[in-house]
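So you can see what is in the structure, the chains are spelled out below.
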Amino acid sequence: MSNLKFKMPVVFFLFGIILSFGFLNLVNTGACQILEYSIASMSSCDFSLVFIFDYMSITFSMVVILISFCVFLFASEYMSHDYFYNRFILVLFLFVASMNVLIFSGSIFILLLGWDGLGLTSFVLIVYYQSEKSLDAGFQTLMTNRLGDVLLVCSFVVLVGFGSFSVLSIGFNILLVWTIASFTKSAQYPFSSWLPAAMAAPTPVSALVHSSTLVTAGIFLMIRVGMFIEFSYLAKMLFLLSGSLTSVLGGLAACVENDLKKIIALSTLSQLGVMVFSLGLGQIYLAMFHLITHALFKALLFLCAGVVLMSSFGIQDIRGVKFIQLPLYIVVCMNISGISLAGGPFMGAFFSKHVILEVAFLGGSLTLFCLLLMLLSGVLSVTYTIRMLSMLAWNGTKSVFSLKATFNSLILVLSVAPLSLGAILSGKFINILFMDWHCFMVVPSHVFVTLSLLGVSGVALFIFMMFISKDLSFLSSMFFLTPLVSESNSTINFCLDKVYEFELGWVEPISYNFKSFLFWASVVAMPSGWPSTKSLLFSISFSLFLMLFFLVLV
């Protein structure tokens, strides 16, 4: 086990030093290096491998390497008693390597190598704890990501017409296809249900998945495409609608969720919606800005949650861990990440999230519906952050029965200290270093007052939720989106298999078609034995209503 315990962090540390030299060189010269290797040429169609080295790819890769260094260091303590520790570290290393391949990709071949590598390794990591819950979560994640894989592969036909498989040659014909593919990978509505389910993975995996790797792959792909072509009006409208809906649904679910890891996962869903919303505004550099700041404080928050789980013997319910005496530096780091998540003044996310909302107020093509949803999302982010911190970091009601955490403090300090500095200083650092990543604006006074009142409104909503007795747990299903994806198909297939005893051999096509017919017949009949049918109808009706309302406002 000790073979890989500290070797992987050293590898990431050395690779980060190499990237830092390249980063300083690009900052001084402002150059963009494109490395292209031609594989074959057939009928004027060039099959080539392209890598792009510019300030955006190297900057994001440095962030991924920094987070990976801290996570691998944390995993050496968190997973130290695991029998298959070496296998876990190797798969996690392939996961990070796939993300770096995707970051530097400039052709569809390299893109699919990193894109597919993320999907396969994430499935292996999610089902690492061998249980039925982990298998369901991993299968749901894999199938949702496979939809995006199919769309990317289908774009091969159009790229042949362009005569090149480089990302630089992408046109409007396949932009919409890649947009839907990015929605599946980044868990945008209506593909959001797999993100909370992926919490079945170990906490170090969650820290990587929800900060800088899997869920950010689709957004980074759209940022890369947006650097070369302008998004169409339809693509912008899809970004605005899906981003605002995802942000609000994630915020509502996080306000009533009691599972600590799912709360953080739903907050990731909310912040991903902010990034996609920024793409809809046409501000790709602001989306990248928020992507970097979010990656740092979200990885820090997950590592702090890992310490909570280590202290509470694996209890994830925030109502059951209030008698845990956490180390002081973990409490401080949890407050830093939480305040940055809520958009606190002068923290990392303050310089990116507030600028996105200011641009939203001044956006001419923005609909009032999406703007109101984003303002509500800002209020909800403050509410669920205060709710989480009040149960974990601000709970002073300790007793003689409180448990005191005792760990190898040096490893934990070294894993959270760089991320804490990044969560505080990343916004101002990028603000100074990359002045062209955002625009300078003079906002009206009412815009400044409105954004300032978001925090006060979030606190007021938290106080209001403390005094109401009505059960709001139905909000955790994201308006029945989660049972629609995770329960309906498995329940119906299980019932049909048990009742009709189909054999999936030579008669597989016949049985599949018959099952499909029985499924739609059951939807029309609405039997009382399958409550997930109501969830299906409600979710479809809710989606159609939102789309029609959005089109009317447009």
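Residues numbered from 1 in each chain as written. Predicted model: local features only at pLDDT ≥ 70, side-chain atom pairs only at ≥ 80, totals over all residues. Heavy atoms only, no water.

Asker: Tell me about the overall build of the protein, residues and numbers included.
Answerer: Check the secondary structure of the protein and you find 21 helices and 4 strands. Within the span of the protein, comprising 554 residues, buried residues form 56% of the whole. Looking at the protein alone, contacts between residues at least 24 apart form 81% of all its contacts between residues at least 6 apart. In the structure as shown, the protein presents an accessible area of about 23,800 Å², 71% of it carried by carbon and sulfur atoms. (Helix = DSSP H or I, 4+ residues; strand = E, 2+ residues; numbered from the N terminus. Buried < 20%, exposed > 50% of the residue type's maximum accessible area, 1.4 Å probe, protein only. Contact = heavy atoms within 4.5 Å. Areas by Shrake-Rupley, 256 points an atom, 1.4 Å probe, with all protein chains shown as cover.)

Asker: Provide a residue-level description of the confidence of the model for the protein, including the pertinent values.
Answerer: The pLDDT averaged across the protein works out to 75; a share of 71% of its residues lies at or above 70. Confidence scores differ between elements of the protein, with helix 19 (residues 488-500) showing the lowest mean pLDDT of 41 and helix 11 (residues 260-280) the highest of 89. Here residues 487-536 scores under 50 on pLDDT; set against residues more than four positions off or in separate chains, the count is 33 contacts. (pLDDT = per-residue confidence, 0-100.)

Asker: Give a detailed account of the nonpolar core, specifying residues and quantitative values.
Answerer: Nonpolar side chains tend to gather and get buried jointly when the protein is soluble and globular. Grouped together as the largest cluster of nonpolar side chains are 145 residues, with contacts concentrated most on Phe 60, Ile 67, Phe 88, Trp 178, Leu 279 and Met 334. In terms of residue count, helix 12 (residues 284-311) provides more of this core than any other element does, 20 residues in total. Every residue in contact with Met 334, bar those within four places of it in the chain, is listed here: Leu 301, Cys 304, Val 308, Leu 326, Leu 389, Leu 392 and Ala 393. (Core = buried A, V, L, I, M, F, W, Y, C linked by side-chain atoms within 4.5 Å.)

Asker: Describe helix 14 (residues 350-362), listing the residues and the values that go with them.
Answerer: For helix 14, spanning 13 residues, the distance from its first C-alpha to its last is 18 Å, which sits close to the expected 18 Å at 1.5 Å a residue. Counting buried positions along helix 14 yields 10 of 13 residues, so the element is predominantly enclosed. When helix 14 is considered as a whole, its buried residues turn out to be Phe 351, Ser 352, Lys 353, His 354, Val 355, Ile 356, Leu 357, Glu 358, Val 359 and Ala 360. Tucked into the core, helix 14 has its buried residues touching helix 11, helix 12, helix 13 (328-341), helix 15 (368-392), helix 16 (409-433) and helix 17 (445-467). (Expected span 1.5 Å × (residues − 1).)

Asker: Give me a nonpolar patch on the surface: which residues, what numbers.
Answerer: On the surface, Phe 448, Val 449, Leu 453 and Val 456 cluster together to form a nonpolar patch covering roughly 390 Å² of accessible area. Tracing the sequence through the fold places Phe 448 in helix 17. (Patch = residues over 30% accessible without salt bridge, like charges linked within 9 Å, V, L, I, M, F, W, Y side chains within 5 Å. Salt bridge = Lys/Arg side-chain N within 4 Å of Asp/Glu carboxyl O.)

Asker: Run through the pattern of salt bridges, naming residues and quoting values.
Answerer: In this structure the tally under the stated criterion is 4 salt bridges. The partner of Asp 149 in a salt bridge is Arg 146, with the nearest N and O atoms 3.1 Å apart. Taken together, the residues Asp 149 and Arg 146, both in helix 5 (residues 132-162) and 3 residues apart, mark about one turn of the helix. Judged by its relative accessible area of 7%, Asp 149 falls in the buried class. Overlapping salt bridges bring together Asp 116, Arg 146 and Asp 149 as one network.

Asker: Tell me about the side chain of Thr 216, and please be specific about residues and values.
Answerer: Checked against the element boundaries, Thr 216 lands in helix 9 (residues 214-226). Residue classification places Thr 216 among the buried residues on the basis of a relative accessible area of 0%. Beyond its immediate sequence surroundings of up to four residues, Thr 216 is in contact with Phe 60, Met 99, Ser 186, Ser 211 and Leu 291.

Asker: Quick rundown of the packing of aromatic side chains? Include the residues and the values.
Answerer: Two numbers describe a pair of aromatic rings. These are the distance of the centres and the angle of the planes. Scanning all chains against the criterion turns up 10 aromatic pairs. With a centroid separation of 5.9 Å and 75° between ring planes, the pair formed by Phe 183 and Phe 239 is classed as edge-to-face. Placement of Phe 183 in helix 6 (residues 172-185) and of Phe 239 in helix 10 (residues 233-256) is noted, with a sequence separation of 56 residues between them. Here Phe 183 matches Phe 239 in class, with each residue buried. (Phe/Tyr/Trp six-rings, centres within 6.5 Å; stacked < 30°, edge-to-face > 60°.)

Asker: Which residues make up the packing of helix 12 against helix 14, and what values do they have?
Answerer: Where helix 12 meets helix 14, the axes come as close as 8 Å, and the angle between the chain directions of the two elements is 150°. It follows that helix 12 is roughly antiparallel to helix 14 by the angle criterion. Crossing hand, helix 12 versus helix 14: left-handed. For the pair formed by helix 12 and helix 14, the contact residues are Leu 286, Phe 289, His 290 and Thr 293 on the first element and Phe 351, Ser 352, Lys 353, Val 355, Ile 356 and Val 359 on the second. The residue makeup of the contact of helix 12 with helix 14, split by class, is 6 nonpolar, 3 polar and 1 charged. (Axes fitted to C-alpha atoms, helices over the stretch in contact; angles between N-to-C directions. Parallel < 35°, antiparallel > 145°, perpendicular 65-115°, else oblique. Left-handed = near helix turned anticlockwise from the far one by under 90°. Nonpolar A, V, L, I, M, F, W, Y, C, P; charged D, E, K, R; others polar.)

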